[in-house]
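# Structural overview
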Amino acid sequence: METLETWPQAGKSVTVVIVNEGVPTVLLGKVLVCKEELLAIKIRNKIESQNDLPVTLMYEYQEFSYQLRGRLTEWLDKDRFLVSLQTKPKRGERREFIRADMTLGVRVDEPVQEACNIESIASWIEGFSNDPDAYKWDIFPIDLSGSGARFPTQKVRAKGQFVAVSFLLPEDNDVRVIHVPASVIRVKPLKDGPTLFELAVEFSNVGEEERDLINFVVFEARARELELTTRPTSQPKTQS
């Protein structure tokens, strides 16, 4: 039985899938008001759309994913609208099980000091640049989830080592740099070549904005799997 807390409360980030004449639009939104059978949502970018359209909301609460279905009943502005809910929150898989396979820019940085913890990694990351051109990126296929990632690397790292993992994530028609504190949970050789290894990391102390963007990318991929959208996986364009 779902409790009140599983409903997306004010301030909660949600992935919004709006379908208009069979064409889906996937947006990152934030709940403004949550009342019984009615939500007010603000999206990042203004769009032109009509009323009375089917809407699916995807979000996470604690360790699980959730879905809500309803209809877009009224636009309050080009970036705010009301959703009349037709279902109660439906609990899905555990968050770490919802994964997205995509090709992204990625890099791994290690602190100079040997003795550190995940909190010091998070503090160190605060000084990182958000300019994509400030870094050299490896473009690799990545298995991404809200709790961690798995991708090729050219350098072996020790299990339990704390690192900073940076991603170029697709955002609208551009890319967005995020930096995430992580710990290494597995390293193993890849069959593709003697100089590549598979690195698996677990995220910790992730900032709210970074977590929301990761969840959006992962939920967008899940929406494609559920045939809610047919948008192709974005691939970042970067300088090497």
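Everything that follows concerns the structure shown earlier in this document.
To keep things clear, this report deals only with the structure shown in the data block. (Residues numbered from 1 in each chain as written. Predicted model: local features only at pLDDT ≥ 70, side-chain atom pairs only at ≥ 80, totals over all residues. Heavy atoms only, no water.)

It is worth spelling out the overall build of the chain at this point. For the chain, the helix and strand inventory stands at two helices and 13 strands. Sorting the 240 residues of the chain into buried and exposed places 47% on the buried side. Residue pairs at least 24 apart in sequence account for 64% of intrachain contacts in the chain once pairs closer than 6 positions are excluded. As presented, the chain carries roughly 12,900 Å² of accessible surface, and 47% of it is formed by carbon and sulfur atoms. (Helix = DSSP H or I, 4+ residues; strand = E, 2+ residues; numbered from the N terminus. Buried < 20%, exposed > 50% of the residue type's maximum accessible area, 1.4 Å probe, protein only. Contact = heavy atoms within 4.5 Å. Areas by Shrake-Rupley, 256 points an atom, 1.4 Å probe, with all protein chains shown as cover.)

By way of backbone hydrogen bonds, the strands of a sheet pair with one another, either parallel or antiparallel. Strand order in the closed barrel formed by six strands is β8-β9-β10-β13-β12-β11, with antiparallel pairing between adjacent strands. Going from strand to strand, the sheet's axes swing by 45 degrees on average, the running direction of each strand aside. Looking at chain direction, strand β11 (residues 162–171) and strand β12 (residues 174–189) are connected through 10 bridges and run antiparallel. Bridge pairing in β12 places Ala164 opposite Pro181. Here helix α1 (residues 118–125) sits on the sheet in contact with β8 (99–109), β11 and β12, set at roughly 150 degrees to β12. (Pairing = 2+ DSSP bridges. Axes fitted to C-alpha atoms, helices over the stretch in contact; angles between N-to-C directions.)

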